[in-house]
Amino acid sequence: MRDLAVAVAVQLFARLPWLGECWARRHRFVEASDVPWVRLGQPVRESTVALVTTAGVHLKSQPAFDMEDRDGDPSFREFPCEVDARALTITHKYYDHSAADRDINVVLPLDRLRELREDGRVGAIAPRCYSFMGHIDGRHLETLVQDTAPAVARRLRADGAQAVFLTPA
Amino acid sequence: MGLIQRAIETEGIPTVGITLQKTVTHKVRPPRAVYLRYPFGHPMGEAFAVRQQRAILEAALEALETLTEPGAIVEPGWVWRRHRFE
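What comes next concerns the included structure. (Residues numbered from 1 in each chain as written. Chains lettered and ligands numbered in written order. Predicted model: local features only at pLDDT ≥ 70, side-chain atom pairs only at ≥ 80, totals over all residues.)

Our focus in this paragraph is the overall build of chain B. Assigned secondary structure in chain B consists of 3 helices and 3 strands. Along its sequence from the N terminus, chain B presents helices and strands in the succession α-β-α-β-α-β. For a compact globule of 86 residues, the expected C-alpha radius of gyration is about 12 Å, and chain B comes in at 13 Å, within 12% of that figure. Looking at chain B residue by residue over its 86 residues, the buried ones come to 52%. (Helix = DSSP H or I, 4+ residues; strand = E, 2+ residues; numbered from the N terminus. Rg over C-alpha atoms; globule rule 2.2 N^0.38 Å. Buried ≥ 20, exposed ≤ 12 C-beta atoms within 10 Å, placed from the backbone.)

Listed below in structure tokens is the structure:
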């Protein structure tokens, strides 16, 4: 029954953008007063760019995100940016990913970033992509903020990423 | 997503993200965002729309080079399924 309700809600939110804004105004978020900021140290054409998404993308060979927990799943998956898109899948019940299932670039622009690199518009692509399942709430928010998000940030630095592009679901 | 973006910027790497929900972005305040009034599940546009996806990625990367105000949100104003990407 809950699965049906989620499926209906997903279709409503996909078709009525104002519904999302209503939800956002009512929902409690971790609100911030300050904004972290570092300057890009070199032009994008000389930068190593990394991709991060919260669209629930992962390798078919990796464990799926936990969709049974109502507070979501704060863990992440990593995979090579040079991955064959056919090896990827999406586990996320809270948005309509039918378009992204057909073309992963709808949520994770792997091919577009490679094209910009070939054209010399981007210096290099970082070796790994990092992926979360964006529906994280309640007790898992602390795990995300204290543990998994900083862990990914450290890995990105170790990977040599000089700029990061993020995509939501 | 903004919380993850903030964590990465805090680690010292400049970040830019797509947002489909400006209300959330105003609360969470990631360093740089590109807002698109697109449906959930379409942060880069439509399937196989190469020009559209590329324009969105380029707008975001350009924001990394040009934005100087922390928390700024860029709004290209591309209307869903109406704007023609050349």
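Alright, that's what it looks like, and here's the rest.
On to the nonpolar core, then. Formed by 60 residues in total, the largest nonpolar core has its most connected members in A:Val107, A:Leu156, A:Val164, B:Ile4 and B:Ala60. It is helix 3 (residues 50-66) of chain B that contributes the most residues to this core, 6 residues altogether. Once you skip the residues sitting within four places of it in the chain, A:Val164 turns out to touch A:Ala50, A:Val52, A:Leu156, B:Ile8, B:Ile13 and B:Thr15. (Core = buried A, V, L, I, M, F, W, Y, C linked by C-beta atoms within 7 Å. Contact = placed C-beta atoms within 7 Å.)

This brings us to the interface of chain B and chain A. In this complex, chain B contributes 46 residues to the contact, which on the side of chain A involves 56 residues. Secondary-structure elements contributing two or more residues to the side of chain B that touches chain A are helix 1 (2-10), strand 1 (15-19), helix 2 (22-28) and helix 3 of chain B. By residue class, the composition of the side of chain B that touches chain A is 24 nonpolar, 13 polar and 9 charged. Of the pairings in the sheet, the one linking strand 7 (residues 163-167) of chain A to strand 1 of chain B comprises 3 bridges and is parallel in character. (Nonpolar A, V, L, I, M, F, W, Y, C, P; charged D, E, K, R; others polar. Pairing = 2+ DSSP bridges.)

Take unusual backbone geometry next. Residues and elements named next belong to chain B. Its identity as a non-glycine residue notwithstanding, Arg29 has a phi of 55°, on the positive side. On the secondary structure map, Arg29 appears in the loop between helix 2 and strand 2 (32-35). Residue Arg81 is not a glycine yet carries a positive backbone phi of 60°. With 11 C-beta atoms packed within 10 Å, Arg81 lands in the exposed category.

Below, the discussion takes up the packing of helix 5 (residues 140-158) of chain A against helix 1 of chain B. For the pair helix 5 of chain A and helix 1 of chain B, interaxial distance at closest approach is 8 Å and the crossing angle is 50°. By the angle between their directions, the pair helix 5 of chain A and helix 1 of chain B is classed as oblique. You can see that helix 5 of chain A and helix 1 of chain B cross each other, and the crossing is right-handed. Residues A:Leu144, A:Val145, A:Ala149, A:Pro150, A:Val152, A:Ala153 and A:Leu156 of helix 5 of chain A touch helix 1 of chain B, and the partners they reach there are B:Leu3, B:Ile4, B:Ala7, B:Ile8 and B:Thr10. When its residues are assigned to classes, the contact of helix 5 of chain A with helix 1 of chain B shows 11 nonpolar, 1 polar and no charged. (Axes fitted to C-alpha atoms, helices over the stretch in contact; angles between N-to-C directions. Parallel < 35°, antiparallel > 145°, perpendicular 65-115°, else oblique. Left-handed = near helix turned anticlockwise from the far one by under 90°.)

On to the pairing of strand 7 of chain A. All names here are of chain A. Along strand 7, 5 of the 5 residues are buried, which leaves the element largely enclosed by surrounding structure. Taking every second residue as pointing to the same face, both faces of strand 7 are buried, with Ala163, Phe165 and Thr167 on one and Val164 and Leu166 on the other. Sheet topology places strand 1 (residues 48-53) next to strand 7; 5 bridges connect them, and they run parallel. Each residue of the ladder has a partner; that of Leu51, found in strand 7, is Phe165.

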